[in-house]
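Summary of the model geometry
The lines below spell out each chain.
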Amino acid sequence: LLFLLLLLLLCAVGQVSPYGVHWKPTWPAYRLPVVLPQSTLNLGKPDFGAEAKLEVSSSCGPQCHKGTPLPTYEEAKQYLSYETLYANGSRTETQVGIYVLSSGGGQESSGKSRRKRQIYGYDSRFSIFGKDFLLNYPFSTSVKLSTGCTGTLVAEKHVLTAAHCIHDGKTYVKGTQKLRVGFLKPKFKDGGRGANDSSSAMPEKMKFQWIRVKRTHVPKGWIKGNANDIGMDYDYALLELKKPHKRKFMKIGVSPPAKQLPGGRIHFSGYDNDRPGNLVYRFCDVKDETYDLLYQQCDAQPGASGSGVYVRMWKRQQQKWERKIIGIFSGHQWVDMNGSPQDFNVAVRITPLKYAQICYWIKGNYLDCREG
């Protein structure tokens, strides 16, 4: 039974291909815009007074979002401008320019909150145990933030997460100035206590090794919106570590339409706070989408916010399968569906504009951001 469960799990995360030889879900090619800094302004030091919230709730559902007009070119530039916080507490605001803007390029949103429920019927989450899984890709790309959320390794020194994990829309949350990222590692070195035969049937004890964050980037669309206006579409942030993490990371990619996803399904792993110390993996079908958001009913709890939502598709140029992060798990929404409340978990999609912005934050060179 254990072997069958492991085999199912490996199939789910893409280690064993569930596709036939005649059809492969292929990463689409996109014409990508360029998002470049135009000017930078020094800001005063923030007070770091906000309480950390591990999720964002909004009652504006798919139809509400679809009915919101896409932003104008000037609005898009405003929303994609960003704030940078440094480890010494200093802060800057950077205005951006958008060039060769492809068709589309908009964002929508708004909302109120209601009591949350994030487990849908039978709890289909897997707790990942044992260093053979936890320390191997793709699970090894999931990290824990000291504010309580999850993040995903997207470069040698960069972590992608949700904006609300470090900023409530008005100010930075407590602990952000000394923000750290935790990497799950075995508690005992090979050959040490816990590695003998008598304990081999028990999950190996794990611990977090922490690395300080050098600086963070948060889009102004989140800071201006705070999820009750257009903010939920911009609930993402990038963290730069003080030193390289030396693990394999997962690249970001532009989110394809839900109908192009393998099986219409997404995957993500996070540190749900109802299973402390455990990395929790899940996958589920996408129920609906807007230009900026994916609606699904993946089982999740606070703490999973900021997890990288990924899929595995065929990379035609390299002739290989490749996983990419196509979104950031944000949190929970109650939606009024014809007078009947229905709840979803929501992920922020990486649109071409967001890809160009996040890629530039990572690379510092738009010429390295021409393929999504």
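Residues numbered from 1 in each chain as written. Predicted model: local features only at pLDDT ≥ 70, side-chain atom pairs only at ≥ 80, totals over all residues. Heavy atoms only, no water.

If you look the protein up in an unreviewed UniProt entry, it shows as Serine protease 23 from Crocuta crocuta. Its UniProt record, at the heading Sequence similarities (unreviewed entry), says of the protein: "Belongs to the peptidase S1 family." In the Subcellular location (unreviewed entry) part of its UniProt record, the protein is described as follows: "Secreted". (UniProt positions renumbered as here; feature names shortened; annotations may be inferred.)

Ranked by size, the top nonpolar core spans 63 residues in total, and within it Leu-80, Leu-160, Val-181, Tyr-236, Leu-239, Ile-252 and Ile-358 carry the most contacts. Broken down by element, the residue count for this core peaks at 7 residues, all from helix 6 (residues 352-363). Excluding residues that lie within four positions of it along the chain, Ile-358 makes contacts with Leu-160, Tyr-236, Leu-238 and Ile-252. Formed by 17 residues, the second largest nonpolar core is a distinct cluster that contains Leu-261, Leu-294, Ala-300 and Val-309. (Core = buried A, V, L, I, M, F, W, Y, C linked by side-chain atoms within 4.5 Å. Buried < 20%, exposed > 50% of the residue type's maximum accessible area, 1.4 Å probe, protein only. Helix = DSSP H or I, 4+ residues; strand = E, 2+ residues; numbered from the N terminus. Contact = heavy atoms within 4.5 Å.)

Here we take up the pattern of salt bridges. Counted according to the given criterion, the structure contains 13 salt bridges. Between Arg-91 and Glu-83 there is a salt bridge; the shortest N-O distance is 3.2 Å. Classification of Arg-91 as buried rests on a relative accessible area of 19%. Under the relative-accessibility criterion, Glu-83 is labelled buried at 3%. Where Asp-272 meets Arg-282, a salt bridge forms, and the shortest distance between an N and an O atom there is 2.8 Å. Highlighted residues: Asp-272 in the loop between strand 11 (265-270) and strand 12 (279-289) and Arg-282 in strand 12, separated in sequence by 10 residues. With relative accessibility at 0%, the residue Arg-282 sits in the buried group. A single network of salt bridges, built from pairs that share partners, joins Glu-83, Arg-91, Glu-93 and Lys-220. (Salt bridge = Lys/Arg side-chain N within 4 Å of Asp/Glu carboxyl O.)

Tracing the backbone through its elements, the reader meets Asp-285 in strand 12. The sequence separation of Asp-285 and Pro-262 amounts to 23 residues, and the corresponding C-alpha distance is 9.8 Å. With near-sequence residues (within four places) excluded, Asp-285 lies in contact with Gly-263, Gly-264, Arg-265, Gln-296 and Gln-297.

Here we come to the state of the cysteines. One pass over the structure, following the stated rule, counts 3 disulfides. Paired through a disulfide, Cys-149 and Cys-165 show a sulfur-sulfur distance of 2.2 Å. The sign of the S-S torsion, about -90°, decides the handedness of the disulfide formed by Cys-149 and Cys-165: left-handed. You can see Cys-149 sitting in the loop between strand 5 (142-145) and strand 6 (150-153) and its partner Cys-165 sitting in the loop between strand 7 (158-161) and strand 8 (180-186), a full 16 residues away along the chain. Residue classification places Cys-149 among the buried positions, given a relative accessible area of 0%. Two residues, Cys-359 and Cys-369, share a disulfide whose sulfurs are 2.1 Å apart. One quick way to see it: the torsion about the S-S bond of Cys-359 and Cys-369 is about -90°, and its sign makes the bridge left-handed. Highlighted residues: Cys-359 in helix 6 and Cys-369 in the segment after helix 6, separated in sequence by 10 residues. (Disulfide = S-S within 2.5 Å.)

Looking now at the pairing of strand 7. Of the two faces of strand 7, both are covered, the one formed by His-158 and Leu-160 as well as the one formed by Val-159 and Thr-161. Note: strand 6 against strand 7, 2 bridges, orientation antiparallel. Across the sheet, the residue bridging to Leu-153 is Val-159, located in strand 7. The hairpin turn running from strand 6 into strand 7, its antiparallel successor, is 4 residues long. (Pairing = 2+ DSSP bridges.)

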